[in-house]
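Notes for the structure review
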Amino acid sequence: MQLGVSKLLYLVGTLILGHLLAPKEFGLVAIATVAITTIMTATETGMTSALVQASVREQEHYDVAWTVGFLRGLIVCVVLLLAAPLVARLFGEERAAPLVRLMAFLPLISSAASPRMADLIRELQFSRLAPVALIAVVVEIGLAIALASKLGGAAIILGKLAGATTATLASYLLAPHRPRFRPNYASARPLLAFGRWLFAIGLTAVASDLFIKVLIARRLSVNDLGMFSMADKLAEVPSQAANESIGAVAFPLYARLRADVPRLQNAVRAHLTGLMFFLFPATAVIIALAKPLEVQVLGPSWTGISLLIVLLVLGYLVEFVFNVVYFLLQALGDGARLFVVELIQYVILIAAVIMLAGPFGLMGVGAARILTGVAVTIAAALAAPELFRATLLRMFRPALILVVLASVAGVSARVCASLVPGAAGVVAGAVAGAAIFLALAWVTDERLRTGVRECLAVFFPVLGANRLGYSLKLP
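Within each chain, residue numbers correspond to sequence positions counted from 1 in written order. At least 70 in pLDDT is required for a residue's local features to be given in this predicted model, at least 80 for side-chain atom pairs to be given and counted, and no such filter applies to totals for whole chains, interfaces and linings, which use all residues. With hydrogens and water excluded, all non-hydrogen atoms of the structure serve as input to the side-chain values.

1. Concerning the packing of aromatic side chains
How we decide: Stacked, tilted and edge-to-face are the three classes applied to pairs of Phe, Tyr and Trp rings, where Trp contributes its six-membered ring and a pair requires centres within 6.5 Å; stacked means planes under 30 degrees apart, edge-to-face means over 60, and tilted covers the rest. What counts as a helix is a DSSP run of H or I of at least four residues, what counts as a strand is a run of E of at least two, and both are numbered from the N terminus. Categorising residues by exposure relies on relative accessible area from a 1.4 Å probe, with only protein chains included: less than 20% of the type maximum marks a residue as buried, more than 50% marks it as exposed, and the intermediate range marks it as partly exposed.
Counting across every chain of the model gives 7 aromatic pairs. Ring geometry for Phe322 versus Tyr326: centroids 6.1 Å apart, planes at 70°, classification edge-to-face. A residue pair is termed a helical-turn pair when its members lie 3 or 4 positions apart in one helix, as Phe322 and Tyr326 do in helix α14 (residues 320–331) at 4 residues. Look at Phe322 and you get buried, because its relative accessible area is 5%. Among the aromatic side chains, those forming a connected cluster through ring pairs are Phe277, Phe278, Phe437 and Trp442.

See below:
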């Protein structure tokens with residue numbers, strides 16, 4: 001519920017900000033965002049994931065994790081404050097420097113959060129995390145919209161800072177911890193050993209993201225970078241919401257079931273089904289509403305963005321198999337194999353963007369994302385353990401059924417949007433598409449044996465009793 005509502009709020013907030021601001025403002029914010037993401041990932045230690053994955057956690061581990069995280073945030077903040085002009089020149093846009101400096105304080109604020117939050121994640125206590133996360137999102141989006149007309153792109157960054165401050169303060173209410181500065185390498189070593197592959201994976205990802213955005217800004221324009229940033233935000237909503245909601249449970253669940261192969265295989269099946277249940281209809285509805293979004297919501301300054309949204313959302317959809325393998329290999333501790341798959345993904349993405357962006361512009365970037373999705377899906381299936389491939393072979397029939405139901409939902413959304421004028425038609429289309437898919441999926445579940453209800457009950461027990469043949473009351 002928290003992630004679903006959060007993504008809905010982000011989606012609505014992004015569309016409102018897109019209506020209030022020009023694409024170039026989004027391009028400037030994208031420069032600041034990619035700068036902070038690059039350096040944060042380049043210094044990623046994987047401490048939170050290590051604490052979740054570890055079977056033994058002592059007080060000194062939490063102190064060391066907090067110390068390492070805070071030092072990292074402080075260093076990143078100082079480096080970005082000093083390097084802001086260089087970042088702006090890299091993108092060929094001097095006006096980005098003040099936004100980079102403002103964004104520099106985000107890692108410092110976030111790094112001060114309580115390390116005990118890892119305990120709530122491992123114990124699957126998401127009902128305690130949800131209210132605070134929602135409040136942080138409301139603060140972020142609300143402040144950004146309130147200040148947008150006066151401050152432009154800076155309002156978006158101020159919203160992020162306010163949201164991060166809210167989340168950090170609340171973390172100590174949810175997971176009390178007295179911060180102690182303890183730079184002890186001996187205690188940090190087992191946590192860093194797990195995190196080194198996450199560091200390598202993250203570094204590869206942000207290096208690719210940085211290269212692509214610099215390429216768009218310099219070969220095309222900052223305005224095109226803003227178009228890409230907006231389209232990417234909208235296209236990523238389905239996969240991001242599905243991966244964060246189901247993946248947030250899958251990682252600790254896989255970590256606790258890794259020695260129990262039958263239960264682990266059932267959890268993988270539930271993960272695949274759950275992703276398809278969310279991704280397929282959401283992708284169909286976004287494709288159906290892309291043009292109405294462009295015309296009725298964003299306005300004439302965003303002309304041409306609808307096709308880019310369609311290409312990017314298809315690219316993210318194709319990657320859903322990899323998204324399951326990602327959490328599975330991470331929980332099994334097979335970081336080296338996961339890194340190889342990620343490396344293949346970004347090498348192909350960069351090569352495809354270089355070849356296609358020149359002759360086809362932003363549409364070439366969207367096509368590159370689809371080609372990359374196909375390649376990484378094949379690589380992920382080959383890198384996954386045998387139990388995953390055996391499970392994947394059983395998923396073709398339910399996948400085909402869900403594709404048909406999602407297509408009906410997409411067509412219904414477009415028809416509804418055409419009948420209701422203005423932005424209200426987009427909202428009505430989205431609601432109609434979602435409602436029709438849910439109704440069809442639920443009614444046909446037992447008759448067509450898609451397994452939707454039983455698989456979703458693994459990650460969302462409130463939906464009903466789990467019928468996968470094992471209990472989720474884990475030790």
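2. Quick notes on unusual backbone geometry
A positive phi angle, close to 55°, is found at Arg449, a residue other than glycine. Within the fold, Arg449 resides in the loop between α19 (423–448) and α20 (452–459). For Arg449, a relative accessible area of 60% translates into the label exposed.

3. Quick word on the packing of helix α12 (residues 261–298) against helix α13 (residues 305–318)
Worth spelling out the cut-off: Orientation is described by axes fitted as lines to C-alpha atoms, over the contacting stretch for helices, and by angles from 0 to 180 degrees between their N-to-C directions. Between 65 and 115 degrees an angle is taken as roughly perpendicular, under 35 as roughly parallel, over 145 as roughly antiparallel, and anywhere else as oblique. Left-handed describes a crossing whose near helix is turned anticlockwise from the far helix through less than a right angle; right-handed describes the clockwise counterpart. The contact rule is simple, with two residues in contact once any of their heavy atoms fall within 4.5 Å.
Running from N to C, α12 and α13 point in directions that differ by 165°, and their axes come no closer than 9 Å. Classed by the angle they form, the pair α12 and α13 counts as roughly antiparallel. Our pair here, α12 against α13, has a crossing hand that is right-handed. Judged by residue contacts, Leu279, Phe280, Thr283, Ile286, Ile287, Ala290, Lys291, Glu294 and Leu298 of α12 engage Ile305, Ser306, Ile309, Val310, Val313, Leu314 and Leu317 from α13.

4. Some details on the packing of α14 against helix α15 (residues 335–360)
Selection rule: Classes in brief: Ala, Val, Leu, Ile, Met, Phe, Trp, Tyr, Cys and Pro nonpolar; Asp, Glu, Lys and Arg charged; the others, Gly included, polar.
Where α14 meets α15, the axes come as close as 9 Å, and the angle between the chain directions of the two elements is 150°. The pairing of α14 with α15 is recorded here as roughly antiparallel in orientation. Taken together, the residues of α15 that come into contact with α14 (itself represented by Phe322, Tyr326, Leu329 and Gln330) are Arg337, Leu338, Val341, Glu342 and Gln345. Of the residues in the contact of α14 with α15, the class split is 5 nonpolar, 2 polar and 2 charged.

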